[in-house]
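Working through the structure, step by step
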Amino acid sequence: MKRFLYLLPLLTLMACSSGKTDVLFQRDDEARKIDISIDGKYFTSYIYPVDMEKPVLWPIVTASGKDITRGFPFAPRAFESTDHPHQVGLWFNFGNVNGLDFWNNSYAIPASRKASYGSVVFDRVVSASDGRLVTLSNWVDSDGNVLMTEETTFVFDGSQDERSIVRTARLTAVEPVVFNESKEGMLGLRVDRAFQKPSDKPERYTDANGIVTEVATVNNEGVCGEYVNSLGDRGDDVWSKRAEWTMLNGTKEGDDISILIIDSKYNPNFPAWSHARGYGLFAVNNMGGREFDQSLTEAAEYRLEPGQKVNFIYKIIIKDNGFFTSQEAEARAREFNR
């Protein structure tokens, strides 16, 4: 794998204000990234390396500067797991679009199997102002044929103890497109080991292509993550549940941190199914359907004809200096979906 290098060519600075929050975009085309700062503090970077199969936000840090995302593969940390190399930062894609797997694609897939996978390829930055970053990307097959275009809008905001992202993917079909049911999707976040579930045994996970990944038993020192959702489920019980919001709590360097993902009521198949795993994958999926619940009588698939559009909207809130209560998380979800 080619490592992503942070080079230092000429930079383009774009300062803007989102309400009372000052958001700074620092664009570095040569390094293929845009750094985002809030109120003078680094928050995250939108990165699109040529050797990655999708653009992502990575790393992501709290208002107090603690990293919530896994370092691997760009900056591995001690005792950190190196499974699932496609799980980097915060991203959006899916495991079965016209039979192609966009979710699991990475440098680990050999060339002989790449024809079964798709990529989301960065095209250009449309704008960066008023706390809002807008980009264009293409969902392509292994030959570069475009299935869909994606206009992605990120709205960044923050306060003393919080950072938030509203991510909107506006997909437009270039050819007939079918989202077939798959558990591999859609908004994904790979978290730092502090947010993993303590484990005393190895686990095995099988993806949509039947490929098994073994996750070894982790060093549990500093590992204390726990999920909770809007239904009141906790821990492993949140997986496969349809919930308006799901939250992951963990303590890092003595700081109690909550990561809250809220599904938009305007998304197809709202509320989304949870694809949250104790090993560090925090994902919500609006197209999982019978991959999560075999009692369903109808498929959750979604079809687009050329020129048709669909939006997927999510809000991510990261709070430090104390966990959200479930009541506070519910209030934030109600505010977002009012």
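Residues numbered from 1 in each chain as written. Predicted model: local features only at pLDDT ≥ 70, side-chain atom pairs only at ≥ 80, totals over all residues. Heavy atoms only, no water.

As for the pattern of salt bridges
Oppositely charged side chains can form a pair if their charged atoms are brought close together. To keep things clear, this is the line we draw: Counted as salt bridges are all cases of a side-chain nitrogen of Lys or Arg within 4 Å of a carboxyl oxygen of Asp or Glu. Three exposure classes are used, based on accessible area relative to the maximum for each residue type with a 1.4 Å probe and protein chains only: buried under 20%, partly exposed in between, and exposed over 50%.
Within this structure, the stated rule accounts for 21 salt bridges. Its salt-bridge partner being E184, residue K183 comes within 3.2 Å of it at the nearest N-O pair. Taking relative accessible area as the criterion, K183 reaches 15% and is therefore assigned buried. Residue class for E184 comes out buried when judged on its relative accessible area of 4%. D233 is the salt-bridge partner of K241, the closest N and O atoms lying 3.6 Å from each other.

Points about the sheet that holds strand β16 (residues 245-252)
Put simply, the rule reads: One requirement defines pairing of two strands: DSSP has to find at least two bridges between them. Under the DSSP-based scheme used, a helix requires at least four consecutive residues in state H or I and a strand at least two consecutive residues in state E, with every element numbered from the N terminus. Working convention: axes come from line fits to C-alpha atoms, limited for helices to the stretch in contact. Angles between N-to-C directions cover 0 to 180 degrees. Contacts between residues were defined by any pair of non-hydrogen atoms, one from each residue, lying within 4.5 Å.
If you walk across this open sheet you meet the eight strands as β7-β8-β9-β10-β21-β17-β16-β15, and the pairing is antiparallel. Edge positions in the sheet fall to β7 (119-129) and β15 (226-229), since each of these pairs with one other strand and no more. Between one strand and the next, the sheet's axes are offset by a mean angle of 20°, whatever the strand orientation. Of the strands in this sheet, β10 (162-173), β15, β16, β17 (255-263) and β21 (309-319) touch helix α1 (residues 326-336), which is tilted by about 35° from β17.

What to know about the environment of S230
Short version of the rule: Think of a polar contact as two N or O atoms within 3.5 Å of one another; within protein, one of them needs to be a possible hydrogen donor and the other a possible acceptor, and neighboring residues in sequence only count if both atoms come from side chains.
Note on placement: S230 falls in the loop between β15 and β16. The exposure class assigned to S230 is partly exposed, which follows from its relative accessible area of 26%. Between the C-alpha atoms of S230 and E244, which are 14 residues apart in sequence, the distance is 6.1 Å. The residues contacting S230, other than those within four sequence positions of it, are A243, E244, W245 and E330. In this structure the side chain of S230 is engaged in a polar contact, spanning 3.1 Å, whose partner is the backbone nitrogen of E244.

Structural notes on the side chain of K54
In plain terms, the rule: The charge count treats Lys and Arg as positive and Asp and Glu as negative. His and the chain ends do not count.
With respect to the helices and strands, the residue K54 is situated in the loop between β4 (41-47) and β5 (56-60). No salt bridge forms around the buried K54; measuring N to O, its nearest opposite-charge neighbour E53 is 8.1 Å away. Leaving out residues up to four positions away in the same chain, K54 has contacts with H86, W91, N93, N105 and V120.

Structural notes on the nonpolar core
Heads up, the rule is: Among buried residues, the Ala, Val, Leu, Ile, Met, Phe, Trp, Tyr and Cys ones that are joined through side-chain atoms within 4.5 Å form a nonpolar core.
Grouped together as the largest cluster of nonpolar side chains are 56 residues, with contacts concentrated most on Y46, V97, L133, M148, F156, F179 and I259. The element contributing the most residues to this core is β21, with five residues. In terms of nonpolar packing, the next biggest core, distinct from the first, is built from 11 residues, I47, F74, W103 and L281 among them.

Some details on the environment of A329
Note that A329 resides in helix α1. C-alpha separation for the pair A329 and S230, spaced 99 residues apart in sequence, amounts to 8.1 Å. Among all residues touching A329, those that are not within four sequence positions of it are W245, M247 and L260.

A look at the confidence of the model for the protein chain
Filter applied, for reference: Scored from 0 to 100, pLDDT records how confident the predictor is in each individual residue.
In the predicted model, the protein chain carries a mean pLDDT of 92, and 90% of its residues have values of at least 70. In this model residues 1-11 is a low-confidence stretch, pLDDT under 50, and it forms 28 contacts with partners more than four residues away in sequence or in other chains.

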